[in-house]
Amino acid sequence: MIFRQLFDTVSSTYSYLIASRRGGEALIIDPVLEKVDRYLQLVKELDARLVKAVDTHLHADHITGLGALRDRTHCITVMGEQSSVDVVSMRVGDRDKLQIEGITLDAIYTPGHTDDSYSFRMGDRVFTGDTLLIRGTGRTDFQNGDARAQYDSIFNKLLKLPDETLVFPAHDYKGDTVSTIGEEKAFNPRLQVKSIDQYVDLMNSLNLPNPKMMDVAVPSNMRQGLAQETVAKRGWALTVREAVELVGRPDVAFVDLRETLEREKHGSIFGSLHAPYPDLQANLRPGGMLRALASATNKRILFYCAFGERSAMAVQAAQDAGITSACHVQGGLDAWKKAEGPIVR
Ligand SMILES: [Fe+2]
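Residues numbered from 1 in each chain as written. Predicted model: local features only at pLDDT ≥ 70, side-chain atom pairs only at ≥ 80, totals over all residues. Heavy atoms only, no water.

### A closer look at the packing of aromatic side chains
Okay, step 1: For the structure shown, the criterion picks out 13 aromatic pairs.
Okay, step 2: An angle of 45° between the planes, with centres 5.0 Å apart, marks the rings of phenylalanine 7 and tyrosine 14 as tilted.
Okay, step 3: Looking at phenylalanine 7, the relative accessible area reads 37%, which means it is partly exposed.
Okay, step 4: Residue tyrosine 14 is classed as buried on the basis of its relative accessible area, which comes to 5%.
Okay, step 5: The side chain of arginine 91 reaches across the aromatic face of phenylalanine 307, ending 5.6 Å from its centre.
Okay, step 6: Positioned over the ring face of phenylalanine 3 is arginine 125, at 4.5 Å from the centre of the ring. (Phe/Tyr/Trp six-rings, centres within 6.5 Å; stacked < 30°, edge-to-face > 60°. Buried < 20%, exposed > 50% of the residue type's maximum accessible area, 1.4 Å probe, protein only. Lys NZ or Arg CZ within 6 Å of the ring centre and 35° of its normal.)

### Concerning the layout of surface pockets
Okay, step 1: Approximately 730 Å³ is the volume attributed to the largest pocket.
Okay, step 2: Forming the boundary of the largest pocket are 32 residues, of which Ser11, Asp61, His171, Tyr173 and Pro211 lie nearest the centre.
Okay, step 3: Among the residues forming the lining of the largest pocket, the class breakdown is 12 nonpolar, 10 polar and 10 charged.
Okay, step 4: Its volume calculated, the second largest pocket comes out at about 470 Å³.
Okay, step 5: The wall of the second largest pocket is formed by 23 residues, among which Thr73, His74, Cys75, Tyr277 and Met313 lie closest to the centre.
Okay, step 6: Of all the elements in the fold, those that place two or more residues in the lining of the second largest pocket are β4 (49–54), α2 (66–73), α7 (229–233), α10 (280–284) and α12 (309–320).
Okay, step 7: No other element matches the 5 residues that α12 contributes to the lining of the second largest pocket.
Okay, step 8: A per-class count over the lining of the second largest pocket returns 13 nonpolar, 6 polar and 4 charged. (1 Å grid on protein atoms, 1.4 Å probe; cavity = no way out; pocket = protein on both sides within 12 Å on 5 of 7 lines; lining within 4 Å. Points joined across faces, edges and corners; volume = space filled by probe spheres on them. Nonpolar A, V, L, I, M, F, W, Y, C, P; charged D, E, K, R; others polar. Helix = DSSP H or I, 4+ residues; strand = E, 2+ residues; numbered from the N terminus.)

### Topic: unusual backbone geometry
Okay, step 1: Notably, aspartate 47 is not glycine yet its phi reads approximately 60°, a positive angle.
Okay, step 2: With respect to the helices, strands and loops of the structure, aspartate 47 is situated in the loop between α1 (36–45) and β4.
Okay, step 3: Its relative accessible area of 47% is what places aspartate 47 among the partly exposed residues.
Okay, step 4: Residues other than glycine seldom take positive phi values, yet arginine 135 does so here, at roughly 60°.
Okay, step 5: Relative to the assigned elements, arginine 135 resides in the loop between β11 (132–133) and β12 (136–137).

### A word on the coordination of the iron ion
Okay, step 1: Binding of the iron ion to the protein goes through His57 (NE2), His113 (NE2) and Asp130 (OD), at separations of 2.1 to 2.3 Å.
Okay, step 2: Positions of the donor residues of the iron ion along the chain correspond to the pattern H-x55-H-x16-D. Placement of histidine 113 in the loop between β8 (103–109) and β9 (118–122) and of aspartate 130 in the loop between β10 (125–129) and β11 is noted, with a sequence separation of 17 residues between them. There is no split in this pair, since histidine 113 and aspartate 130 are both buried. (Donors = N, O, S within 2.8 Å, 3.2 Å for Na, K, Ca; no water.)

### Some words on the environment of glutamine 224
Okay, step 1: Take glutamine 224: it is sitting in the loop between α6 (214–221) and α7.
Okay, step 2: A C-alpha to C-alpha distance of 8.8 Å links glutamine 224 and threonine 77, two positions 147 residues apart in sequence.
Okay, step 3: Setting aside anything within four residues of it in sequence, one finds glutamine 224 in contact with Thr64, Leu66, Gly67, Arg70, Val85, Asp86, Val87 and Glu309.
Okay, step 4: A distance of 2.9 Å separates a polar atom in the side chain of glutamine 224 from the backbone nitrogen of glycine 67. (Contact = heavy atoms within 4.5 Å. Polar contact = N/O pair within 3.5 Å; in protein donor to acceptor, adjacent residues only side chain to side chain.)

### Things to note about the pattern of salt bridges
When their charged atoms lie close together, side chains carrying opposite charge are able to pair.
Okay, step 1: Overall, the coordinates contain 24 salt bridges when judged by the stated rule.
Okay, step 2: Where glutamate 45 meets arginine 38, a salt bridge forms, and the shortest distance between an N and an O atom there is 4.0 Å.
Okay, step 3: Take arginine 38: its relative accessible area is 37%, and that puts it in the partly exposed class.
Okay, step 4: Salt-bridge contacts for glutamate 184 lead to arginine 135; the nearest nitrogen and oxygen are separated by 2.4 Å. A residue pair is termed long-range when its members are at least 10 positions apart, and glutamate 184 in helix α4 (residues 181–187) and arginine 135 in the loop between β11 and β12 qualify at 49 residues.
Okay, step 5: Residue glutamate 184 is classed as buried on the basis of its relative accessible area of 0%.
Okay, step 6: One continuous salt-bridge network, built from bridges that share partners, spans Arg70, Asp71 and Glu309. (Salt bridge = Lys/Arg side-chain N within 4 Å of Asp/Glu carboxyl O.)

### A word on the sheet that holds strand β19 (residues 327–329)
Okay, step 1: With respect to topology, 5 strands assemble into an open sheet ordered β15-β19-β18-β16-β17, the strand pairing being parallel. The sheet is open, and its two edges are formed by β15 (237–238) and β17 (273–274), each paired on a single side. (Pairing = 2+ DSSP bridges.)

### Here's the deal with the sheet that holds strand β1 (residues 2–8)
Okay, step 1: Judged by pairing direction, the sheet is mixed, and its 6 strands sit side by side in the order β1-β2-β3-β4-β5-β6 without closing on themselves. Since the sheet does not close on itself, it has two edges, and those belong to β1 and β6 (90–92), each with one partner. Taken over all neighbouring pairs, the strand axes of this sheet differ in orientation by 25° on average, direction set aside.
Okay, step 2: Strand direction decides the pairing type here: β4 and strand β5 (residues 76–80), joined by 3 bridges, are parallel. The residue of β5 that forms the bridge with alanine 53 is threonine 77. (Axes fitted to C-alpha atoms, helices over the stretch in contact; angles between N-to-C directions.)

What follows is the structure, encoded as structure tokens:
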């Protein structure tokens, strides 16, 4: 496995780049905007392909690199389903699995620092975001933070992991890089409390100043959606209402770009083909499934995904590959469900 811990000195943020092998798919956790060039250089040096960029929560102390990474690599952006971010490509819930080739992360909903905080467990390690820090815990006094919820997340979820589990947080201000669950249980001063009420009192008495970047970072991090004007202006976008009318039509092929786990959890549009987004380039090449479908049947290709981001990127790629009938469903299955479009499970 390739595993890199990267550091942003300005915000003291750790980001993590993970891939199962050279030449394989890679994922990055908590990227910082100013470091995007560095990440992409490293991805290239490792001969990897960045396919997912994940934020553990909506950050207040730095601007996320999610949007920039998506725009530059067409990777999928991922956050928790509770996040108030406008649009990401994929949202995860508690116990969902987040996968890239050869690697699976378990999403653990750990609210408290914010109401959208997630930790991600991968084998012998856990990425704890700002929920559990090394000899500390994330503040709970803004962004719908809740000391009571954080106690529950830490004591009833994270500390239940095996003691030898490695702890990789999103920040450290003292220069520590990694800890273990056992070490934090024994030596983290915030965790030496006798009750939930004692923890809440401790957290409520911290009186911390707001992060310097907060007024800039929070509004910016809430707007991560892909700019889709070009796709819409060229007539490549259908509203869900327009798309619902096309279900079952023999001259239209709905193509679902989501992953199998998303289809199982949320259902899919009746009769749609499954062509996961990570395989898009292969499917669009001469001889590829989508290329063949478009040329052999003359069907109009109608992409959809969870929120309309992957499908917007796919339309552009399909058009570039010469599939001029390609268009997509704006807002994805999320908008489809809100409009009460038919779903099959
Ligand atoms: Fe944070």
